[in-house]
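# Structural features, examined
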Amino acid sequence: MAFLADILSRVKPSATIAVSQKARELQAQGRDVIGLGAGEPDFDTPDNIKEAAIAAINAGKTKYTPISGIPELRKAIAEKFKRENGLDYKPEQTIVGTGGKQILFNAFMATLNPGDEVVIPTPYWVSYPEMVSICGGTPVFVHTTLEGKFKLTAEALEKAITPKTKWFLFNSPSNPSGAAYSHDELKALTDVLVKHPHVWVLTDDMYEHLTYGDFKFVTPVEVEPSLYDRTLTMNGVSKAYAMTGWRIGYAAGPLQLIKAMDMIQGQQTSGATSIAQWAAVEALNGTQDFIPANKKIFEGRRDLVVSMLNQANGINCPMPEGAFYVYPSCAGLIGKTAPSGKVIETDEDFVTELLETEGVAVVHGSAFGLGPNFRISYATSEKLLEEACNRIQRFCANCR
């Protein structure tokens, strides 16, 4: 009898975490490595949020919390959805988890049975299909294209839905592509979903506040209110508030689903860290003044990276609307020989040779379900980004 569970044969480790770890290991060996794999802002958590956490510690708010979150945070979440998205949720329709990952995992664990399908557009965040598989479901991938700006079409969504479809998993702005859907683009998708009442919508809005130019964020239920009773709207404080290490994600949805997720979380981790929850209350209720300032910095970085990558031989980098990633194609390098003498046959070969030759760590696109591409996180300084892009240009110029 095998000791490890059979399900592990269907699950792969996180490629983004692996790249960041590889970069750290090389840096520890004295290599000059620029890591562009991590999906977290380089800004510090704002002072008012840190001070709220310190105040909570000093006030002795360090005990176990209710499984679904402290009442103050659940109320703040409901008010955030009303204020920013025009969505009416009662506090009891919300749930707080240890990061967005736990919210997603608990939703799948609470709803998926063997044979249930989850429609996932590519490219996708690396954890989506693995979570579905762990919870017994079947991921169904629907491909997008660079020419279509990595956005799912209504026709492709319609074709992917079957009687076995349980969820449509939607992420805008997208990790890894940065693609974000306008109101009209999203309305085309929700029109399809309205026709299939057995399909639930799980929307990952984690990058909601990171859109650029005149782009206006919208979430599915905001576009199509009739989906309210079968949508779980997930968000968190990690990205916009630079709170990745605080591990607070949250969601709102139908009470029956929230109660089921609460039951699972009660046998798993129980409530999220009390101190982080009090910090999240301040994040949602306190000043939002730093968000536009940080967005402006990210937008400048995006423009720099897109411009420089498009000057590299064999690279084609579209301009994303949001998040802090670009997802360029390296198709022009496939079949060429790297400076090491190795022939680049895949996007994974490309990122491996780039790291070994120039010390730039990025994530290969096939890990996100769509290649030959690679993901760059521009959540680091312009100085480092400029140096990294110079190295990428040099690497590409030296491929023959």
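Structure: above.
This text gives an overview of the structure that appears in the document. Predicted model only: the values in this text are computed from it and were never measured.

## Focus: the packing of aromatic side chains
When we look at a pair of aromatic rings, we describe it by the centre distance and by the angle of the planes. Evaluation of the coordinates by the stated rule reveals 20 aromatic pairs. With a centroid separation of 5.9 Å and 75° between ring planes, the pair formed by Phe81 and Tyr250 is classed as edge-to-face. Residue Phe81 is located in helix α3 (residues 71-85), and its partner Tyr250 is located in strand β8 (residues 249-252); the two are separated by 169 residues in the primary sequence. In terms of burial, Phe81 and Tyr250 fall into one category: buried. An aromatic cluster is defined as three or more aromatic residues linked by ring pairs; in this entry it consists of Phe43, Tyr207, Phe298, Phe324, Tyr325 and Tyr378.

## Some details on the sheet that holds strand β9 (residues 325-326)
Across the sheet, which stays open at both edges, the 3 strands sit in the order β9-β12-β11 with antiparallel pairing between neighbours. With partners counted over all chains shown, the strands left at the sheet margins are β9 and β11 (363-364), one partner each. As defined by bridge partners, β9 adjoins strand β12 (residues 374-377) across 2 bridges and the pair is classed as antiparallel. Bridged to Val326 within β12 is Ile376.

## Some remarks on unusual backbone geometry
Omega for the peptide link from Ser172 to Pro173 comes to -10°, which places this bond in the cis form. Its location among the elements puts Pro173 in the loop between β5 (165-171) and α7 (183-194). For the bond running from Gly371 to Pro372, omega is 0°, close enough to zero to count as cis. For Ala242, which is not glycine, the phi torsion reads 55° and is therefore positive. By secondary structure assignment, the location of Ala242 is in the loop between β7 (231-236) and β8.

## Section: the sheet that holds strand β4 (residues 138-143)
Sheet architecture is open: 7 strands sit in the order β2-β8-β7-β6-β5-β3-β4, paired in mixed fashion. Edge strands, defined here as strands with exactly one partner in the open sheet, are β2 (94-97) and β4. Between one strand axis and the next, the sheet turns through 20° on average, direction left out of account. Pairing analysis gives 3 bridges linking strand β3 (residues 117-122) to β5, with the strands arranged parallel. Counterpart to Val119 in the pairing with β5 is Phe168. The strands touched by helix α4 (residues 100-111) are β2, β3, β5, β6 (200-204), β7 and β8; relative to β5, the strand with the most contacts, the crossing angle is about 165°.

Cut-offs used in this document
- Residues numbered from 1 in each chain as written.
- Predicted model: local features only at pLDDT ≥ 70, side-chain atom pairs only at ≥ 80, totals over all residues.
- Heavy atoms only, no water.
- Phe/Tyr/Trp six-rings, centres within 6.5 Å; stacked < 30°, edge-to-face > 60°.
- Helix = DSSP H or I, 4+ residues; strand = E, 2+ residues; numbered from the N terminus.
- Buried < 20%, exposed > 50% of the residue type's maximum accessible area, 1.4 Å probe, protein only.
- Pairing = 2+ DSSP bridges.
- Axes fitted to C-alpha atoms, helices over the stretch in contact; angles between N-to-C directions.
- Contact = heavy atoms within 4.5 Å.

What is shown is where atoms sit, not what they do.
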